[in-house]
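For reference, the chains in residue letters:
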Amino acid sequence: MGEELKVLAIVPAFNEEENIVSTVEDLLNNAPGVDHVVINDGSSDRTEAICLENGFNVITLPVNLGLAGGFQTGMKYAFAQGYDYAIQFDADGQHSAAYIWPMVNLAEVDGSDIVIGSRFCAQKKPISARMIGSALITAMIRLTTGQKVQDPTSGMRLFDRDMIRRFALSYDYSPEPDTIALCIRNGAKVSEMQVEMRDRTAGESYLNFTKSVAYMLRVCISIMFVQWFRRKGN
C-alpha cells in the first residue's frame with residue numbers, strides 16, 4: 001500500500017530552529033515513503049536556513065500567516081502535486097511519525113475522510129483547564145453533528161484527497177475543531193486512532209493560559225453559531 005499511495009506530511013513551522021531537524025528526521029526515519037514540506041511561516045529565526053542546509057523541502061512565507069494560512073499553503077501544495085493523503089504534523093516534536101502509516105491504513109480500511117490522532121481513545125482526559133475546554137468542544141461537536149470526537153484539539157490530523165481539495169480551495173477551511181465539525185455536517189467521515197504525544201522539549205508554545213481560554217471560547221462559539229453560515233466548500 002505504501003508504494004502506491006502518495007502521502008505528504010505538512011509541517012507548519014514558526015521559529016522552530018531548535019526542533020525542526022529532529023522533527024523532519026523523525027519523518028524520514030519512522031515514516032518511510034512519506035514526503036514532507038515544511039511551511040516556514042515567516043520565521044524570524046534560522047528555521048529556513050536550517051531547512052535549506054539540511055536539504056529539507058521548504059516553502060517560506062514572507063510574513064507570518066498563522067497556523068491556518070500556513071496549513072492551507074501546505075494543502076495547496078498537496079493538491080497541486082496530486083497527493084492521496086496529507087497529514088498535519090507539528091514542528092515542535094510532539095507528534096510521532098510512526099503513527100502516520102497506521103492512520104493511512106485506517107483511512108483506507110474504513111473509508112475515513114479524516115483520521116484524528118487521538119490521545120483519548122483508550123484513556124480518559126486528565127483534569128486541567130485545557131482538558132475541560134477540550135471536553136466542552138467535544139460536547140459542542142456532538143450537539144451539532146451527532147458524532148463524538150474524543151480529541152478535537154489534536155493537531156495530528158490525516159486528510160484524504162477530497163479533503164485536500166476542499167482545504168486547498170476554500171479560504172475559510174482551517175485546521176481547527178470548528179472546521180472538523182463543519183466537515184462532519186457536510187458528510188465527511190471522521191475516525192480517531194489512539195496515539196501517544198510527546199512533550200515539547202525546546203522552544204515555547206504560543207498558547208499560554210489566557211490564549212488557551214480565549215481559543216476554546218472562540219471555537220465553541222464558531223461550532224454553535226458561526227459554522228451554520230459557512231459555505232460547504234468546493
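Residues numbered from 1 in each chain as written. Predicted model: local features only at pLDDT ≥ 70, side-chain atom pairs only at ≥ 80, totals over all residues. Heavy atoms only, no water.

A.B. asks: Got a sec to walk through helix H7 (residues 177-185)? Specific residues and values, please.
C.D. replies: Note: α-helices contain 3.6 residues per turn, so residues at a spacing of three or four share the same orientation. When you tally the buried positions in H7, you get eight out of nine residues, the bulk of the element. Along H7, the residues that are buried comprise Pro177, Asp178, Thr179, Ile180, Ala181, Leu182, Cys183 and Ile184. In the stretch just after H7, Gly187 is the one whose phi turns positive, near 100 degrees. (Buried < 20%, exposed > 50% of the residue type's maximum accessible area, 1.4 Å probe, protein only. Helix = DSSP H or I, 4+ residues; strand = E, 2+ residues; numbered from the N terminus.)

A.B. asks: With reference to specific residues and values, describe the pairing of strand S1 (residues 7-13).
C.D. replies: Judged by how many residues are buried, S1 sits mostly within the fold: seven of seven residues are covered. Sheet topology places S1 next to strand S2 (residues 34-41); seven bridges connect them, and they run parallel. Counted as the bridge partner of Leu8 is Asp35 from S2. Regarding the hand of the β-α-β motif, the stretch spanning S1, helix H1 (residues 20-30) and S2 is right-handed. (Pairing = 2+ DSSP bridges. Right-handed = clockwise from strand over helix to strand, strands pointing away.)

A.B. asks: So what's going on with the nonpolar core? Which residues, and what values?
C.D. replies: Judged by nonpolar contacts, the single largest core of 34 residues is most densely connected at Ile10, Met75, Ile114, Phe159 and Phe167. Elements supplying a minimum of two residues to this core: S1, S2, helix H3 (66-80), strand S5 (114-118), helix H5 (129-145), helix H6 (161-169), H7 and helix H8 (209-224). Among all residues touching Ile114, those that are not within four sequence positions of it are Leu158, Phe159, Met163, Ile180, Cys183, Lys189, Val190 and Ser191. Val7, Ile87, Trp101 and Met193 belong to the second largest nonpolar core, which has 30 residues in total. (Core = buried A, V, L, I, M, F, W, Y, C linked by side-chain atoms within 4.5 Å. Contact = heavy atoms within 4.5 Å.)

A.B. asks: Residue-level account of the pattern of salt bridges, with values.
C.D. replies: One pass over the structure, following the stated rule, counts five salt bridges. Notably, a salt bridge pairs Arg46 with Glu53, separated by 2.5 Å at the nearest N-O pair. On the basis of relative accessible area, Arg46 is assigned to the partly exposed category, the value being 40%. The class of Glu53 is exposed, set by a relative accessible area of 56%. Notably, a salt bridge pairs Arg166 with Asp162, separated by 3.2 Å at the nearest N-O pair. Remark: Asp162 and Arg166 occur in helix H6; sequence separation between them is four residues, near one turn of the helix. Salt bridges sharing common partners tie together Asp162, Arg165 and Arg166. (Salt bridge = Lys/Arg side-chain N within 4 Å of Asp/Glu carboxyl O.)

A.B. asks: So, H1: which residues are in play, and what are the values?
C.D. replies: What H1 keeps buried is the set Ile20, Thr23, Val24, Asp26 and Leu27. Seen end-on, H1 carries its buried residues on one side only, within an arc spanning 145 degrees. Against S1, S2, helix H2 (47-53) and helix H4 (100-110) lie the buried residues of H1. (Arc of directions from axis to C-beta.)

A.B. asks: Mind laying out the environment of Gly42, listing which residues take part and the relevant values?
C.D. replies: Relative to the helices and strands, Gly42 is located in the loop between S2 and H2. C-alpha separation for the pair Gly42 and Ala13, spaced 29 residues apart in sequence, amounts to 8.6 Å. Dropping the residues within four chain positions of it, Gly42 is found in contact with Phe14, Leu61, Val63 and Asn64.

A.B. asks: Describe the packing of aromatic side chains, listing the residues and the values that go with them.
C.D. replies: As enumerated under the stated definition, the model contains four aromatic pairs in all. Geometrically, the ring pair formed by Phe71 and Phe167 is edge-to-face, given 6.0 Å between the ring centres and 90 degrees between the ring planes. Of this pair, Phe71 sits in helix H3 while Phe167 sits in helix H6, placing them 96 residues apart in sequence. Each member of the pair Phe71 and Phe167 is classed as buried. Linked through ring pairs, Phe71, Phe159, Phe167 and Tyr173 together constitute an aromatic cluster. Here the guanidinium or amino end of Lys6 rests over the ring plane of Tyr83, the centre of that ring lying 4.7 Å away. (Phe/Tyr/Trp six-rings, centres within 6.5 Å; stacked < 30°, edge-to-face > 60°. Lys NZ or Arg CZ within 6 Å of the ring centre and 35° of its normal.)

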